[in-house]
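Structure assessment
Below are the chains, spelled out letter by letter.
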Amino acid sequence: MNENSNQRNTTLDMLKGIACIGVVFIHSPFPGIFGIAVTSVSRMFVALFFIISGYYLWAGDEKKTLDKLPKKIKRTFKLMVISFFVYFLWESFVRLIGGGYQKVIRWYADDVFSIKTVIGTLFFSYDSIAGHLWFLLALLGGYILFYCMLKSRIRLSWITAVLILEIHIILMSISHINDLGWNMAFFRNVWFYGMPFLIIGYSIRLYERKLLSNLTRVRLIAMFLLGLFMILCERFAIGNLQIFNGSIIAIFAMVILALKYPDLSPKNGLAVIGNKYSTDIYIYHWMIMEIVIKSKKMLQIESIKFEWLEPVIVFGITLMLAWGLNHFYLVSHIMRRKKSV
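Just so it is clear, the structure is predicted and the values come from calculations on it, not from any experiment. (Residues numbered from 1 in each chain as written. Predicted model: local features only at pLDDT ≥ 70, side-chain atom pairs only at ≥ 80, totals over all residues. Heavy atoms only, no water.)

A word on the overall build of the protein chain. Each helix and strand counted, the protein chain has 13 helices and zero strands in total. Starting at the N terminus and ending at the C terminus, the protein chain contains elements arranged as α-α-α-α-α-α-α-α-α-α-α-α-α. Since a compact globule built from 341 residues should have a radius of gyration of about 20 Å, the 21 Å found for the protein chain is in line with a globular shape. Counting only C-alpha atoms and orienting by the principal axes, one finds that the protein chain spans roughly 60 × 60 × 45 Å. (Helix = DSSP H or I, 4+ residues; strand = E, 2+ residues; numbered from the N terminus. Rg over C-alpha atoms; globule rule 2.2 N^0.38 Å.)

The next point concerns the pattern of salt bridges. A full pass over the atoms with the stated rule returns six salt bridges. Its salt-bridge partner being Asp-13, residue Arg-8 comes within 2.7 Å of it at the nearest N-O pair. For Lys-296, the salt bridge identified is with Glu-310, shortest N-O distance 2.9 Å. Residue Lys-296 is found in helix α12 (residues 269-298), and its partner Glu-310 is found in helix α13 (residues 304-340); the two are separated by 14 residues along the sequence. Its relative accessible area of 19% is what places Lys-296 among the buried residues. (Salt bridge = Lys/Arg side-chain N within 4 Å of Asp/Glu carboxyl O. Buried < 20%, exposed > 50% of the residue type's maximum accessible area, 1.4 Å probe, protein only.)

Here helix α10 (residues 217-237) spans 30 Å end to end across 21 residues, near enough to the 30 Å set by a 1.5 Å rise per residue. For α10, the complete set of buried residues consists of Leu-220, Gly-227, Ile-231, Glu-234 and Arg-235. Along the long axis of α10, the arc covered by the buried residues comes to 95 degrees, so they all point the same way. α10 presents Val-218, Arg-219, Leu-225, Phe-229 and Ala-237 as exposed residues on the side facing more than 90 degrees away from its buried surface. Those residues of α10 hidden inside the fold are in contact with α2 (32-42), α3 (44-55) and α11 (245-260). Phi turns positive one or two residues past the end of α10, at Gly-239, with a value near 145 degrees. (Expected span 1.5 Å × (residues − 1). Arc of directions from axis to C-beta. Contact = heavy atoms within 4.5 Å.)

For Leu-241, the location among the structural elements is in the loop between α10 and α11. For the pair Leu-241 and Ile-231, spaced 10 residues apart in the sequence, the C-alpha separation amounts to 9.7 Å. With residues near it in sequence (within four places) discarded, Leu-241 still touches Arg-43, Ile-169, Met-172, Ser-173 and His-176.

The next subject is the packing of aromatic side chains. Tallied over the entire structure, the rule returns 24 aromatic pairs. On the numbers, 6.3 Å between centres and 20 degrees between planes, the contact of Phe-88 with Trp-107 is stacked. Each member of the pair, Phe-88 as well as Trp-107, carries the same accessibility label: buried. When the ring centre of Tyr-55 is taken as reference, the NZ or CZ atom of Arg-205 above it lies at 4.5 Å. (Phe/Tyr/Trp six-rings, centres within 6.5 Å; stacked < 30°, edge-to-face > 60°. Lys NZ or Arg CZ within 6 Å of the ring centre and 35° of its normal.)

Here is the structure:
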């Protein structure tokens, strides 16, 4: 293990900051070929969140890790419930304004509370409320599966995880090439996405010292650049996949570089965003995006310049919201501590 592994890795925080910006640019993309390229590269950042989460699962030994996991499960479950409740209210409000209470009732019956949706949510990390909250479902499911595996002494290696991801890529490529229109939930779930990347992150932590000694900076930079090149080639050759082979290579190189240089940017703004605001940005950018889109329609803005500004506006407003929420959480925590004293 890296002797500094117990200290906060601000470079990983910086990667999380870049990742949350990338996620915003997936859902609120730039126009043209540039937008396609940015979106394609940014798709790997969702996987990066899973890998970093898997990396931080290890607590020194398996017993400590087992003791740590229930707290992570509880915290993720609480975050998931709050996020889904907020978006349930928000999307209900949007449909009420747009089509009246009948549209809301139809949405409840056909999408939110249908048997198909319940099964999809429980087993395939399907988010019928907003669309992007599948990440929390897959993360929660991954933590639960990880706990059950460790408890049962079941070991899944990084090789198994990569094989599962390759099956994901192959099946999704078949769907795109043949225009089969398979549901995204069959690929973007805990089984084919969340759990494999958690295992890779966990394996990186276990073999950290060996990886750091065997992989030089030049090799890692070359791997990263190769990964980016592969992402763009795969995107334009196959289609808009959720994960590319190049993504796996690029993410791996990024994480190992971050472990080699853990304090590359201790006061970097991106590191602050990654540490303090990345979760709230991930959760609430969808709401801000919808507000910006609806405002654009109401104001009848059709300028190409605004299309270039729109992703930046969405991120900027979301960052301000995340900053406000962070300070609200901090003040609430201080108030609770004063009352307990």
